[in-house]
Amino acid sequence: MRDLKAVGKKFVHVMYPKKSSALLRDWDLWGPLVLCVSLALMLQGGSADSKDDGGPQFAEVFVIIWFGAVVITLNSKLLGGTISFFQSLCVLGYCVLPLTVAMLVCRLVLLAGSGTVSFVIRLIVVVAMFGWSTLASTAFLADSQPPNRKALVVYPIFLFYFVISWMILTFTPQ
Amino acid sequence: KLRQGSNDDIEDVSLFDADDDVSRRSKKSKIRHPVASFFHLFFRVSAIVVYLLCELLTSSFIACMVTIILLLSCDFWAVKNVTGRLMVGLRWWNQVDDDGRSHWVFEARKVSAQGSKTSSEAESRIFWLGLITCPMIWVIFAFSALFSFKVKWLAVVVMGVVLQGANLYGYIRCKVGSRKNLTSMATSYLGKQFLRQTVAKEDQTAS
C-alpha cells in the first residue's frame, strides 16, 4: 500500500510540476506501466485493418512508448547527464499522464460526433496536453544537463510526445 | 529499516549446497510461509500457462497480452518485495543518495544465534526452482517467437525475460554476496567441473 501511495503522489506531481525531487528520488515504473496499458487499450478499434482485432496496434503503442523512452534516456546519458537510467524512464513515463487524459477526452468527444467541430476541439485539447507533458518532463529532466546542451536533450522529448499526440489526434473509431 | 553495516556478518552461503543436506538435520523441512510459496509460483506459472493456451482461451490477442503483462508485473513485485524476504531472507533494491547518484544494494539476512530464523529447506528449494526455471522457459519462448516470425508476441516475451531475469540476477547477486565477483565464482565452479571430468577421463584411459 505504501507503493500505491507513492504512485499516487507522483501522479499529482506531474499535474503540478513543481521543482520537487520526489519523482526523481524514489523512482518506480508502475505508473508508466498503467498509463501505457490504458493508452494502448484506448487506441484500439482504430482505423487500421480490423481482421487482427487491433492486435498489432496494441503491441505497437507499447513498443513505441517504451523504446522511445529508452532511446531518450540513452541520448541524455550519452550527452553526459547526471540522472540515472531508471529515474529518467520514470519521469518520461509519468509525464504521459496528460496525453492519456487527452485520449480520454478525445474518445468522449468522438462519441458525440466526428465533424469539423469535434476535430477542432480535439486539436486544441491534444495540443494543450502535449505542451503540458513536454513542459513537465523538461522541468524534471533538463536540470541534469549543462546549460548549453539543454536544447539537445529537450528535442527528443518533444519528438517523443509529438508522436504520441499524433497517434491520439489521428485516431478515428470505426 | 534495519541496515547491516559491515559485510563480515553476512554468512557466506554457497549456491550449490546439495551435499550439505546431511549435516543440517536441525533445519525443518516444513513450509513456513505457505501463502508466500503459493503466490511465488502462482503468478509465474499462470503467466506461462496463459501464454501457451491463449489461442484456446480467447480469440482476443489484446486480452491475452494484458493478462500476461499484469501477471508478470504482479509476479515481479511479489517476488522482489515479499517472497524473497520471507522464504530465503534475501533482498535487493535501488538506493538514490542525497547527491543524486544511484546504486544497487544486495542484502542477505544474518543467521541468528538460536537458529530460529533459518529458512526451511523446502521453501528454499521451491524458491530457487521457481526463480531459475521460469526465466529459462521465457528465453525458450523468445527464440521460438523469433524463429517462427510471430513478432507480435515478441513484446510480451521480451518483457517476461527482462522482468524474471532481473529478479533472478538480483537474488543471485544477494546470495553470492557483494564481495565476490559473479564471474569469478562461475569460473571457479566450471574450472572444478572441468578438472573432475579430465581426471575421470585419465582414469578411464589409464585402466
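Residues numbered from 1 in each chain as written. Chains lettered and ligands numbered in written order. Predicted model: local features only at pLDDT ≥ 70, side-chain atom pairs only at ≥ 80, totals over all residues. Heavy atoms only, no water.

An unreviewed UniProt entry lists chain B under the name Golgi apparatus membrane protein TVP23 homolog, with Bubo bubo as the source organism. Under the UniProt heading Subcellular location (unreviewed entry), the entry covering chain B gives this text: "Membrane". (UniProt positions renumbered as here; feature names shortened; annotations may be inferred.)

As recorded in an unreviewed UniProt entry, chain A goes by the name Protein YIPF, listed as coming from Athene cunicularia. Per UniProt, the comment on chain A under Sequence similarities (unreviewed entry) is "Belongs to the YIP1 family."

Student: Let's hear about the layout of surface pockets: which residues, and what values?
Tutor: Taken as a whole, the largest pocket encloses approximately 1900 Å³ of empty space. In terms of lining residues, the largest pocket is bounded by 46 residues, among which Trp27(A), Asp28(A), Leu29(A), Trp30(A) and Phe76(B) are the most central. Taken together, the residues of the lining of the largest pocket break down into 29 nonpolar, five polar and 12 charged. (1 Å grid on protein atoms, 1.4 Å probe; cavity = no way out; pocket = protein on both sides within 12 Å on 5 of 7 lines; lining within 4 Å. Points joined across faces, edges and corners; volume = space filled by probe spheres on them. Nonpolar A, V, L, I, M, F, W, Y, C, P; charged D, E, K, R; others polar.)

Student: If you had to explain the confidence of the model for chain A to someone new, which residues and values would you point to?
Tutor: Averaged over all residues, the pLDDT of chain A equals 81, while 87% of them reach at least 70. Looking over chain A, one finds the lowest element-wise mean pLDDT in helix 2 (residues 22-25) of chain A, namely 65, and the highest in helix 6 (residues 97-112) of chain A, namely 89. (pLDDT = per-residue confidence, 0-100. Helix = DSSP H or I, 4+ residues; strand = E, 2+ residues; numbered from the N terminus.)

Student: Tell me about the pairing of strand 1 (residues 90-96) of chain B, residues and numbers included.
Tutor: All names here are of chain B. With five of its seven residues buried, strand 1 lies for the most part within the structure. Relative to strand 2 (residues 102-108), strand 1 runs antiparallel, the two sharing seven bridges. Its bridge partner being in strand 2, glutamine 95 is matched across the sheet by histidine 103. (Buried < 20%, exposed > 50% of the residue type's maximum accessible area, 1.4 Å probe, protein only. Pairing = 2+ DSSP bridges.)

Student: Summarise the environment of Ala142(A); cite the residues concerned and give the values.
Tutor: Residue and element names in this part refer to chain A. Tracing the sequence through the fold places alanine 142 in the loop between helix 7 (116-141) and helix 8 (150-169). We classify alanine 142 as buried; its relative accessible area is 7%. C-alpha separation for the pair alanine 142 and leucine 169, spaced 27 residues apart in sequence, amounts to 27 Å.

Student: Go over the pattern of salt bridges with me, naming the residues and quoting the values.
Tutor: A complete count under the given rule lists three salt bridges over all chains for this structure. In this structure, Lys10(A) and Asp28(A) form a salt bridge, with 2.7 Å as the shortest nitrogen-oxygen distance. Note that Lys10(A) is positioned in helix 1 (residues 2-15) and Asp28(A) in the loop between helix 2 and helix 3 (30-42), a separation of 18 residues in sequence. By relative accessible area, which is 4% here, Lys10(A) ends up buried. Residue class for Asp28(A) comes out buried when judged on its relative accessible area of 11%. In this structure, Arg44(B) engages Asp75(B) in a salt bridge whose closest nitrogen and oxygen atoms are separated by 2.8 Å. Of this pair, Arg44(B) sits in helix 1 (residues 34-57) while Asp75(B) is found in helix 2 (residues 61-88), placing the two residues 31 residues apart along the sequence. (Salt bridge = Lys/Arg side-chain N within 4 Å of Asp/Glu carboxyl O.)

Student: How would you explain the environment of Ile62(B) if you had to name every residue and give the values?
Tutor: Residues and elements named next belong to chain B. Within the secondary structure, isoleucine 62 is located in helix 2. Residue classification places isoleucine 62 among the buried residues on the basis of a relative accessible area of 10%. The spacing of isoleucine 62 and valine 162 is 100 residues in sequence and 20 Å in space, taken between C-alpha atoms.

Student: Explain the packing of aromatic side chains residue by residue, including any values.
Tutor: Taken as a whole, this structure holds 25 aromatic pairs over all chains when the rule is applied. Ring geometry for Phe39(B) and Phe42(B): centres 6.1 Å apart, planes at 85°, overall edge-to-face. Of this pair, Phe39(B) and Phe42(B) both sit in helix 1, separated by three residues, roughly a single helical turn. Given a relative accessible area of 34%, Phe39(B) falls into the partly exposed group. Relative to Trp153(B), the ring of Tyr51(B) has its centre 5.5 Å away and its plane inclined at 85°; by these criteria the two rings are edge-to-face. With a gap of 102 residues between them, Tyr51(B) in helix 1 and Trp153(B) in the loop between helix 3 (121-147) and helix 4 (154-176) connect regions that are remote in the sequence. An aromatic cluster of three or more residues is present, and its members are Phe85(A), Phe86(A), Trp92(B), Trp104(B), Phe106(B), Phe127(B), Trp128(B) and Tyr171(B). (Phe/Tyr/Trp six-rings, centres within 6.5 Å; stacked < 30°, edge-to-face > 60°.)

Student: Explain empty space enclosed by the protein to me, using residue names and the numbers behind them.
Tutor: Leftover empty space is mapped by rolling, across the atoms, a probe with the size of a water molecule. All names here are of chain A. Per the counting criterion, the structure on display carries two cavities of 30 Å³ or more. For the largest cavity, the calculated volume is near 60 Å³. For the lining of the largest cavity, the secondary structure elements donating two or more residues are helix 3, helix 4 (55-78) and helix 5 (85-94). Partitioning the lining of the largest cavity into residue classes produces 10 nonpolar, one polar and no charged.

Student: Describe the interface of chain B and chain A, naming the residues involved and giving the relevant values.
Tutor: Counting residues at the interface gives 20 residues for chain B, matched by 19 residues for chain A. Carbon and sulfur atoms supply 72% of the area that chain B and chain A bury against each other, a total of about 1500 Å² over both sides. Among the residues chain B hides against chain A, the three largest losses belong to Ile62(B), Trp77(B) and Val96(B). Together they make up 29% of the total. Here chain B is connected to chain A by zero salt bridges. Applying the counting rule to chain B against chain A returns zero residue pairs in polar contact (both at pLDDT 80 or more). Of all the secondary-structure elements, those providing two or more residues to the side of chain B that touches chain A are helix 2, strand 1, strand 2 and helix 4 of chain B. If one sorts the elements of the side of chain B that touches chain A by residue count, helix 2 of chain B sits on top with eight residues. Residue classes in the side of chain B that touches chain A are distributed as 10 nonpolar, seven polar and three charged. (Contact = heavy atoms within 4.5 Å. Buried area = accessible area lost by both parts, 1.4 Å probe. Polar contact = N/O pair within 3.5 Å; in protein donor to acceptor, adjacent residues only side chain to side chain.)

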